[in-house]
Amino acid sequence: MNKKVLGALVVLAGVLVFTGFVEMQKDNKKTEVPTVGVLQFMSHPALDQIYLGLREGLKEGGYKVGTDVKIDFQNAQGDQSNLKTMSTRFADEKAAVSVGIATPAAVAVANTVKDAPVVFSASTNPLGAKLVKSYTHPGGNVTGVSDQAPLKDQLKMMQALMPNLKTVGIIYTSSDDSATTEASKFEKLAKAAGLTVKKTSIASSNDLNQTSLQLVQNHNVDAVFVPTDNTIAGAMTTLIQNTDEAGVPVFPTVDTMVEQGGVAAESINQKKIGVETGKMIAKLLDGSKPADTPVEFMKQGDLVINKAQAKKLGITIPAEYASKAKYVENEVK
């Protein structure tokens, strides 16, 4: 074999090896499974339902967890220092999409992850929390699904179930932006309807026992309204124990809080919020940009009534509400 032929064969072999390497790299990229970082603010039934729904929504969007996408799930357990550490984890591992369930988690992730899509799930006031600049055109790397409750329907329902309602108490966590926003909106609606409002707040779950006792014992409230509040949701049994002893019904905005002893809610379904969040994540994984992905809102609540609690507190459900309600039977002993 002459030198020219040998040289040509060497060059050809080199080209084939290089081509094979390039194709192998392409195949690796094709099979690379993206990671979605999910940071949940704390454990309680409402937020847990959102996470379950998120996984279902991803599947509906074409991403099976464990096969088409990996989830790095982190739970801050209500600890602010954990929020920063866990958000940094998502940035360091270059998660394809990072998610914050509840406003504190969403804000922590958005403040940390700047070069990849961020999705909030269950933020009542994304504009106030400075997560987005606009609901229709978020404009940055953040978009998501809001959990604004239908407060007008909530108040109307409360008045229907309690025709003699005159004074309503409101209790919320002062550091929770979502809870503060809803508490203020509900206060305005209640006052406009001619009701007297007694509003009080807690700094942490440690305050809930004493503050709720003072609310029901010293202010002569006929009912208590609880906004979408993660801290109170995590300590709902404490609130219900005190309100039950005083014979005062509690009307939260979340279905799982009705199951824990609330009387009724025009509730946004938490699992549906999660499903919509999962679908949005799938769109972003497919190439959609957060800046051009409008914030989604759950436009209609579901009436949820705790029949046992209503009966225990002497509340009769009007026929128009009884016929359309979803009932839970849990009663706090």
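Asker: I keep staring at the pattern of salt bridges and nothing clicks. Help me out?
Answerer: One pass over the full model with this rule turns up eight salt bridges. Two residues, Lys191 and Glu187, come together in a salt bridge whose shortest N-O distance is 3.2 Å. Of this pair, Lys191 and Glu187 both sit in helix H6 (residues 177–192), separated by four residues, roughly a single helical turn. The class of Lys191 is partly exposed, set by a relative accessible area of 48%. Residue class for Glu187 comes out buried when judged on its relative accessible area of 17%. Linked through salt bridges whose partners overlap, the residues forming this network are Glu60, Glu276 and Lys279.

Asker: Is there a simple way to explain the environment of Lys114 in this structure?
Answerer: As for its placement among the helices and strands, Lys114 is situated in the loop between helix H4 (103–112) and strand S4 (118–121). According to the relative accessible area criterion, Lys114 is exposed, its value standing at 58%. Through-space distance from the C-alpha of Lys114 to that of Asn141 is 7.0 Å; in sequence the pair is 27 residues apart. At 3.2 Å, the side chain of Lys114 and the backbone oxygen of Ala110 are in polar contact.

Asker: I'm lost on the pairing of strand S3 (residues 97–101) in this one. Help?
Answerer: The side chains of a regular strand alternate, first on one face of the sheet and then on the other. Within S3, five of the five residues are buried, leaving the element largely enclosed by the surrounding structure. The two faces of S3 match: Val97, Val99 and Ile101 on one face and Ser98 and Gly100 on the other face are all buried. Across five bridges, strand S1 (residues 35–40) lies against S3 in parallel orientation. The residue bridging Leu39 from the neighbouring strand is Gly100, located in S3. Of the pairings in the sheet, the one linking S3 to S4 comprises four bridges and is parallel in character. Its bridge partner being in S4, Gly100 is matched across the sheet by Phe120. As for the winding sense of the linkage, the β-α-β connection from S3 through H4 to S4 is right-handed.

Asker: Sorry if this is basic, but what is going on with the layout of surface pockets here?
Answerer: When its volume is computed, the largest pocket comes out at roughly 240 Å³. Considering the residues around the largest pocket, the lining is formed by 13 residues, among which Phe41, Gly78, Gln80, Ser175 and Thr231 are closest to the centre. Split by residue class, the lining of the largest pocket holds four nonpolar, eight polar and one charged.

Asker: Teacher, can you tell me more about the environment of Tyr63 here?
Answerer: When you line up the elements, Tyr63 lands in the loop between helix H2 (45–60) and strand S2 (70–75). Among the polar contacts listed, one links the side chain of Tyr63 to the side chain of Asp286, at a separation of 2.5 Å.

Asker: Even after reading the chapter, I still don't get the sheet that holds strand S10 (residues 264–267), so can you show me in this structure?
Answerer: Each strand in a sheet pairs with its neighbour through backbone hydrogen bonds, running either in the same direction (parallel) or in the opposite one (antiparallel). One open sheet holds the three strands; their spatial order is S10-S12-S13, and the pairing between them is mixed. The outermost strands of the open sheet, each flanked by one partner alone, are S10 and strand S13 (326–328). Here the average twist between neighbouring strands, direction ignored, is 25°. Bridge count between strand S12 (residues 302–306) and S13: three bridges; the pairing is parallel. The residue of S13 that forms the bridge with Val304 is Lys326. Along the sheet, helix H5 (residues 151–161) makes contact with S10 and S12, crossing S10 at roughly 155°.

Asker: Please explain helix H3 (residues 80–92) as it appears in this structure.
Answerer: Each turn of an α-helix holds 3.6 residues, which means side chains three or four residues apart point in the same direction. Taking 1.5 Å per residue as the helical rise, H3 with its 13 residues ought to reach 18 Å, and the 19 Å between its terminal C-alpha atoms agrees with that figure. Where H3 is concerned, the buried positions are Leu83, Met86, Ser87 and Phe90. Along the axis of H3, the buried positions cluster into a sector of 105°, meaning they face one direction only. With respect to the buried face of H3, the exposed residues turned more than 90 degrees away are Thr85 and Asp92.

Definitions and limits used
Residues numbered from 1 in each chain as written. Predicted model: local features only at pLDDT ≥ 70, side-chain atom pairs only at ≥ 80, totals over all residues. Heavy atoms only, no water. Salt bridge = Lys/Arg side-chain N within 4 Å of Asp/Glu carboxyl O. Helix = DSSP H or I, 4+ residues; strand = E, 2+ residues; numbered from the N terminus. Buried < 20%, exposed > 50% of the residue type's maximum accessible area, 1.4 Å probe, protein only. Polar contact = N/O pair within 3.5 Å; in protein donor to acceptor, adjacent residues only side chain to side chain. Pairing = 2+ DSSP bridges. Right-handed = clockwise from strand over helix to strand, strands pointing away. 1 Å grid on protein atoms, 1.4 Å probe; cavity = no way out; pocket = protein on both sides within 12 Å on 5 of 7 lines; lining within 4 Å. Points joined across faces, edges and corners; volume = space filled by probe spheres on them. Nonpolar A, V, L, I, M, F, W, Y, C, P; charged D, E, K, R; others polar. Axes fitted to C-alpha atoms, helices over the stretch in contact; angles between N-to-C directions. Contact = heavy atoms within 4.5 Å. Expected span 1.5 Å × (residues − 1). Arc of directions from axis to C-beta.

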